[in-house]
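Report on the structure
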2 protein chains.
Amino acid sequence: MSSTVTRSRIVEVADRLFYQHGYLHTSFADIAAAVGLSRGNFYYHFKSKDAILDAVLESRVDATRRTLRDWETSNDSPADRIMRFVEIVVTNGADIRRHGCPVGTLTTELAKLDHALHDRARELFTLFRTWLRDQFVLLGHAGQADELAMHVLTFSQGVAVLSNAFRDEAYVSREVDRMRDWLSTYTR
Amino acid sequence: MSSTVTRSRIVEVADRLFYQHGYLHTSFADIAAAVGLSRGNFYYHFKSKDAILDAVLESRVDATRRTLRDWETSNDSPADRIMRFVEIVVTNGADIRRHGCPVGTLTTELAKLDHALHDRARELFTLFRTWLRDQFVLLGHAGQADELAMHVLTFSQGVAVLSNAFRDEAYVSREVDRMRDWLSTYTR
DNA sequence: GTCTATAGTAGGATAGAC
DNA sequence: GTCTATCCTACTATAGAC
């Protein structure tokens, strides 16, 4: 198989396993087995575990940029776009209940490990933060746009942690409703 | 040294290391070195790493119960008590920026590991949840007390994750102010 | 580009002397 | 109750054949 195809399959599988079981708890053998490669062959594609993490982060950054661009080019109003973000906790509800937020849990784990790539993981948060800020600017709240963006992120991370802890779907819906009400006070 | 003293020192040190570096990333050797014990002697006190985690969780549950009881017996109003909880993210701000919320990060990690003690870790959340619910009942909101308690927990977990990711003290203060305003609408 | 074989290390856990 | 010595396993990583 071509090198690039195998490489992208490794990244895809590693991304999923890092999310489901954590970075530290995912071994080379786990990834190799899931891809269907021998451990030895692995190092032809990636020379270290950190190199895989780096590639996974790059892949996630690209995917996030694409998603945000899609939302941007839709005909939704800024408020609707923000709600699209808010509703991720419902859209991806099952995954989040089981494994938490992909961005939040990875960033938290890398912070504990004092990992050099913590900064790159945080970049994912920054992408959403900047995008949300832009929406609040469009809503006419330029002065406090960043603060409001951070408040929306706070919501999403809080809900992710607690829905993961309690596995309670109804709780998530209630918090989303609460967020919708809150957002409506900033919409005209 | 007496067995019980050594044991409690192990629990104390393990608690701190699990918080700072995560459960998986903390080895027996790390704990032994920090306590000043040989690895071998370790197994006289705890027969497995899970046994230490279990003892750490028990210790945290006890400490949490004590804290909540203290807050309960103070002369604060229910609203002031809730604000005491809210302000933990400021009171313990430095630790949370560096290592996140002790309860949230441990629960998240144990969920990823599919660890049997995940339920015991969640119990810590439940202690706060129940206590907060009681305060909202006292405020005259029995009908939605649990929902409001979960909303306060959502706040604290969201702030913990993002303050850990961005290390931004001012952001935390703004979110606490926002929470104070929100709470005032439930106070008479 | 993929494999097997293997080196080297760290971590969890045990045995037995003191 | 504490130590040293040791076993076993899992993991990261490399070497070299095909």
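Residues numbered from 1 in each chain as written. Chains lettered and ligands numbered in written order. Predicted model: local features only at pLDDT ≥ 70, side-chain atom pairs only at ≥ 80, totals over all residues. Heavy atoms only, no water.

Okay, the packing of helix α8 (residues 102–112) of chain A against helix α9 (residues 118–138) of chain A next. All names here are of chain A. At a minimum axis separation of 9 Å, α8 and α9 run at an interaxial angle of 150°. It follows from the interaxial angle that α8 and α9 lie roughly antiparallel. Where α8 crosses over α9, the handedness of that crossing is left-handed. For the pair α8 and α9, contact is made by Val103, Gly104, Thr107, Leu110 and Ala111 and by His118, Ala121, Arg122, Leu124, Phe125 and Phe128, respectively. Here the residues of the contact of α8 with α9 sort into seven nonpolar, three polar and one charged. (Axes fitted to C-alpha atoms, helices over the stretch in contact; angles between N-to-C directions. Helix = DSSP H or I, 4+ residues; strand = E, 2+ residues; numbered from the N terminus. Parallel < 35°, antiparallel > 145°, perpendicular 65-115°, else oblique. Left-handed = near helix turned anticlockwise from the far one by under 90°. Contact = heavy atoms within 4.5 Å. Nonpolar A, V, L, I, M, F, W, Y, C, P; charged D, E, K, R; others polar.)

Okay, the relation of the copies chain B and chain A next. Superposition record for chain B on chain A: RMSD 0.0 Å, screw rotation 180°, translation along axis 0.0 Å. As the rotation angle and translation indicate, the two copies are arranged about a two-fold axis. Considering only C-alpha atoms, the residue of chain B closest to the rotation axis is Gly158 of chain B, which sits at 1.8 Å. When you check the interface residues of chain B against chain A, 100% turn up at the interface there too, and the contact is symmetric in its surfaces. (Least-squares fit on C-alpha atoms with pLDDT ≥ 70 in both.)

The next subject is the protein's contact with DNA strand C. Ser3, Ser38 and Tyr44 of chain A together with Phe28 and Tyr43 of chain B are the nearest of the 18 residues found near DNA strand C. Backbone atoms, meaning sugar plus phosphate, form 67% of the atoms of DNA strand C positioned within 4 Å of the protein. Take Phe28 of chain B: an N or O atom from its main chain is 2.7 Å from a phosphate oxygen of DNA strand C. In the environment of DNA strand C, a phosphate oxygen lies 3.0 Å from a nitrogen or oxygen atom belonging to the side chain of Lys49 of chain B. For the surface near DNA strand C, the secondary-structure elements that each account for two or more residues are α1 (3–21) and α3 (39–45) of chain A together with α3 (39–45) of chain B. (Near = heavy atom within 4 Å. Polar contact = N/O pair within 3.5 Å; in protein donor to acceptor, adjacent residues only side chain to side chain.)

Turning our attention to the UniProt feature "domain: HTH tetR-type" (unreviewed entry) in chain A. Here the UniProt-annotated "domain: HTH tetR-type" (unreviewed entry) positions come out as residues 4–64 of chain A. Taken end to end, residues 4–64 of chain A comprises 80% helix and 0% strand; its first and last C-alpha atoms sit 21 Å apart. (UniProt positions renumbered as here; feature names shortened; annotations may be inferred.)

Before going further, it helps to examine the UniProt feature "DNA-binding region" (unreviewed entry) in chain A. Per the UniProt annotation, the sites labelled "DNA-binding region" (unreviewed entry) are residues 27–46 of chain A. In this annotation, residues 27–46 of chain A is assigned 75% helix and 0% strand; the end-to-end C-alpha distance for the span is 13 Å.

With that settled, the discussion passes to the interface of chain B and chain A. Listed per partner, the contact involves 42 residues of chain B and 42 residues of chain A. Surface buried jointly by chain B and chain A totals about 3,700 Å² across both partners, of which 60% is contributed by carbon and sulfur atoms. Of all residues in chain B, Lys112, Phe166 and Arg178 of chain B give up the largest surface area on contact with chain A, accounting jointly for 21% of the area buried on that side. Counting every contact that joins chain B to chain A gives two salt bridges. For Glu147 of chain A, the salt bridge identified is with Arg178 of chain B, shortest N-O distance 2.8 Å. Scanning the region where chain B abuts chain A turns up 14 residue pairs in polar contact (both at pLDDT 80 or more). Sorting the residues of the side of chain B that touches chain A by element identifies α1 (3–21), α8 (102–112), α9 (118–138), α10 (145–166) and α11 (169–184) of chain B as the ones contributing at least two each. With 15 residues, the single largest contributor to the side of chain B that touches chain A is α10 of chain B. (Buried area = accessible area lost by both parts, 1.4 Å probe. Salt bridge = Lys/Arg side-chain N within 4 Å of Asp/Glu carboxyl O.)

Of all residues adjacent to DNA strand D, which total 18 residues, the nearest are Phe28 and Tyr43 of chain A together with Ser3, Ser38 and Tyr44 of chain B. Sugar plus phosphate, as a fraction of atoms of DNA strand D within 4 Å of the protein: 66%. Here Phe28 of chain A contributes a backbone N or O atom positioned 2.7 Å from a phosphate oxygen of DNA strand D. Between DNA strand D and the protein, one listed contact pairs a phosphate oxygen with a side-chain N or O atom of His45 of chain B at 3.1 Å. Of all the elements in the fold, those that place two or more residues in the surface near DNA strand D are α3 of chain A together with α1 and α3 of chain B. Tallied by class, residues from the surface near DNA strand D come to five nonpolar, 11 polar and two charged.

Scanning the model with the defined rule gives 16 aromatic pairs over all chains in all. Geometrically, the ring pair formed by Phe28 of chain B and Tyr43 of chain B is stacked, given 4.9 Å between the ring centres and 25° between the ring planes. One end of the pair, Phe28 of chain B, is in helix α2 (residues 28–35); the other, Tyr43 of chain B, is in helix α3, with 15 residues separating them in the sequence. Here Phe28 of chain B falls in the buried class, since its relative accessible area comes to 13%. Overall, Tyr43 of chain B belongs to the partly exposed group, its relative accessible area being 46%. Here the aromatic cluster, defined as three or more aromatic residues joined through ring pairs, consists of Phe28, Phe42 and Tyr43 of chain A. Over the aromatic face of Tyr23 of chain A sits the side chain of Lys49 of chain A, whose NZ or CZ is 4.7 Å from the ring centroid. (Phe/Tyr/Trp six-rings, centres within 6.5 Å; stacked < 30°, edge-to-face > 60°. Buried < 20%, exposed > 50% of the residue type's maximum accessible area, 1.4 Å probe, protein only. Lys NZ or Arg CZ within 6 Å of the ring centre and 35° of its normal.)

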